[in-house]
Amino acid sequence: MPRATNAPASRARRKRVIKSAKGFRGRRSKLFRYAKDATMKGKYWAYRDRKTRKRNFRYLWIQRLNAAARANGMTYSRFAEGLKAAGIGLDRKILADLAVTDEATFKSIVDQARSALEGKSKSKAKKAA
Amino acid sequence: MSYAIIKTGGRQYRVAEGDTIDVDLLDLEAGKTATFGDVLMHADGDKLTHGDPLISGAKVTAEVVEQRKDKKVIAFKYRRRKGYHRTVGHRRKLTRVKIKSISAGSKKTAAKKEE
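Quick summary incoming for the structure in this document. (Residues numbered from 1 in each chain as written. Chains lettered and ligands numbered in written order. Predicted model: local features only at pLDDT ≥ 70, side-chain atom pairs only at ≥ 80, totals over all residues. Heavy atoms only, no water.)

1. Some remarks on the overall build of chain B
Here is step 1: Counting its secondary structure elements, chain B contains one helix and 10 strands.
Here is step 2: Written out in order from the N terminus, the α and β elements of chain B read β-β-β-β-β-β-β-β-β-β-α.
Here is step 3: Residues classed as buried in chain B amount to 33% of the 115 residues present.
Here is step 4: Taking contacts inside chain B between residues at least 6 apart in sequence as the whole, the part at least 24 apart equals 65%.
Here is step 5: Looking at chain B as shown, the accessible area adds up to about 7100 Å², and 46% of this sits on carbon and sulfur atoms. (Helix = DSSP H or I, 4+ residues; strand = E, 2+ residues; numbered from the N terminus. Buried < 20%, exposed > 50% of the residue type's maximum accessible area, 1.4 Å probe, protein only. Contact = heavy atoms within 4.5 Å. Areas by Shrake-Rupley, 256 points an atom, 1.4 Å probe, with all protein chains shown as cover.)

Have a look at this one:
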């Protein structure tokens with residue numbers, strides 16, 4: 001019986017991997033053996049990093065908000081507490097964007113957070129007394 | 001410059017009239033009008049209105065331009081030395097809308113909240 005191989009399919013499979021590894025460095029774009037590993041890891045990390053990206057952006061927004069809040073004489077932590085007290089439900093993405101592109105509006109949000117915070121501490125003091 | 005912050009599909013968007021944005025799938029045909037009732041903030045020049053957290057009565061209307069799909073993303077799961085890997089393709093369904101009008105709601109609320 002003649003030996004049966006599946007050369008066309010194997011070649012097509014390898015070609016597909018090499019094609020998807022275009023632009024990779026050195027032999028990782030030229031040799032199937034290394035290209036396969038590189039593409040698999042690339043897809044694996046891309047899947048994982050779509051999740052970590054969401055965290056990273058939140059960290060970035062919070063850092064920006066902290067800087068912007070301090071510029072208006074408030075720390076981020078107090079600002080967040082004040083927002084909650086004032087019932088402002090804007091998220092970090094929007095707030096950070098406002099801090100960069102619309103300083104006047106951000107300032108008035110900070111002022112509202114501050115006054116809500118003062119109101120909160122006052123009512124607390126009343127309760128204690 | 002007047003703009004509003006609306007919430008849809010768990011995300012918040014900053015919109016002005018005439019903007020075209022992609023939001024999470026809305027069950028509406030192209031050409032229909034979409035109404036966003038969840039308005040968190042409205043800014044008109046230096047006049048700021050915010051809700052608690054939503055502004056009651058305020059709404060943003062938009063025209064549905066098309067129902068479309070986002071770029072394909074590949075979810076590749078892989079466990080080394082376990083002989084396990086899965087490839088799943090996914091395209092998020094989006095609705096492209098063009099913002100028509102922004103109304104800040106009743107005057108009473110606006111006057112109370114504005115500083």
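From this point, the discussion proceeds with the structure in view.
2. Some words on the overall build of chain A
Here is step 1: Counting secondary structure elements, chain A contains five helices and zero strands.
Here is step 2: Along chain A, helices and strands appear, N-terminal first, in the series α-α-α-α-α.
Here is step 3: On C-alpha atoms alone, chain A measures out to a radius of gyration of 27 Å, which is more than a quarter above the 14 Å that the 2.2 N^0.38 rule sets for 129 residues.
Here is step 4: Across its three principal directions, the C-alpha atoms of chain A cover 100 × 30 × 20 Å.
Here is step 5: Counting only residues that meet the buried cut, chain A has 27% of its 129 residues in that class.
Here is step 6: Pairs at least 24 residues apart make up 48% of the contacts formed inside chain A by residues separated by at least 6 positions.
Here is step 7: A total accessible area of about 9300 Å² is found for chain A, and carbon and sulfur atoms account for 54% of it.
Here is step 8: Across chain A, 36 positive and 9 negative side-chain charges occur, with their mean positions spaced 19 Å apart. (Rg over C-alpha atoms; globule rule 2.2 N^0.38 Å. Lys, Arg positive; Asp, Glu negative; His and termini not counted. Charge placed at Lys NZ, Arg CZ, Asp CG, Glu CD.)

3. Quick look at the pattern of salt bridges
Here is step 1: Per the counting criterion, the structure on display carries 14 salt bridges over all chains.
Here is step 2: Here Glu81 of chain A ties to Lys120 of chain A by a salt bridge, and the two come within 2.8 Å at their closest N and O atoms. Pair noted here: Glu81 of chain A is in helix α3 (residues 76–86) and Lys120 of chain A is in helix α5 (residues 103–128), with a separation of 39 residues, a long-range link.
Here is step 3: With relative accessibility at 25%, the residue Glu81 of chain A sits in the partly exposed group.
Here is step 4: Between Asp111 of chain A and Lys107 of chain A there is a salt bridge; the shortest N-O distance is 3.5 Å. Of this pair, Asp111 of chain A and Lys107 of chain A are both found in helix α5, four residues apart, which corresponds to roughly one turn of the helix.
Here is step 5: The exposure class assigned to Asp111 of chain A is partly exposed, which follows from its relative accessible area of 27%.
Here is step 6: Within the structure, one salt-bridge network assembled from shared partners comprises Asp22, Glu66, Arg68 and Arg96 of chain B. (Salt bridge = Lys/Arg side-chain N within 4 Å of Asp/Glu carboxyl O.)

4. Section: the packing of aromatic side chains
Here is step 1: Scanning all chains against the criterion turns up four aromatic pairs over all chains.
Here is step 2: With 5.8 Å between their ring centres and 45° between their planes, Phe57 of chain A and Trp61 of chain A make a pair best called tilted. Placement of the pair is Phe57 of chain A and Trp61 of chain A together in helix α2 (residues 32–71), with a separation of four residues, close to one helical turn.
Here is step 3: Here the aromatic cluster, defined as three or more aromatic residues joined through ring pairs, consists of Tyr44 of chain A together with Phe76 and Tyr78 of chain B.
Here is step 4: Over the ring of Tyr34 of chain A we find Arg27 of chain A; its NZ or CZ atom is 4.6 Å from the centre of that ring.
Here is step 5: Directly above the aromatic system of Tyr3 of chain B lies the positively charged group of Arg14 of chain B, at a separation of 4.1 Å from the ring centroid. (Phe/Tyr/Trp six-rings, centres within 6.5 Å; stacked < 30°, edge-to-face > 60°. Lys NZ or Arg CZ within 6 Å of the ring centre and 35° of its normal.)

5. Describing the interface of chain B and chain A
Interface extent is often summarised as the accessible area lost during association of the parts.
Here is step 1: Of the residues lining the interface, 23 residues belong to chain B; the matching set on chain A comes to 21 residues.
Here is step 2: Summed over both sides, the interface of chain B with chain A buries roughly 1900 Å², with 58% coming from carbon and sulfur.
Here is step 3: It is Gln12, Arg14 and Phe76 of chain B in chain B that bury the most area against chain A; as a group they hold 32% of the surface buried on that side.
Here is step 4: The tally of links from chain B across to chain A stands at one salt bridge.
Here is step 5: A salt bridge links Asp97 of chain A to Arg14 of chain B, with the shortest nitrogen-to-oxygen separation between them at 2.9 Å. (Buried area = accessible area lost by both parts, 1.4 Å probe.)

6. Describing the sheet that holds strand β6 (residues 47–50) of chain B
Here is step 1: Strand order across the open sheet formed by four strands is β2-β1-β5-β6 (chain B), with antiparallel pairing between neighbours. Each edge of the sheet is formed by a strand with only one pairing partner; in this case those strands are β2 (11–15) and β6 of chain B. Averaged over all pairs of adjacent strands, the angle between strand axes in this sheet comes to 10°, irrespective of strand direction.
Here is step 2: Pairing of strand β5 (residues 39–44) of chain B with β6 of chain B involves four bridges; the strand directions are antiparallel. Bridging across to β6 of chain B, Met41 of chain B finds its partner in His50 of chain B.
Here is step 3: With respect to the sheet, helix α4 (residues 92–101) of chain A is in contact with β1 (2–8), β2 and β5 of chain B, its orientation differing from that of β2 of chain B by roughly 25°. (Pairing = 2+ DSSP bridges. Axes fitted to C-alpha atoms, helices over the stretch in contact; angles between N-to-C directions.)

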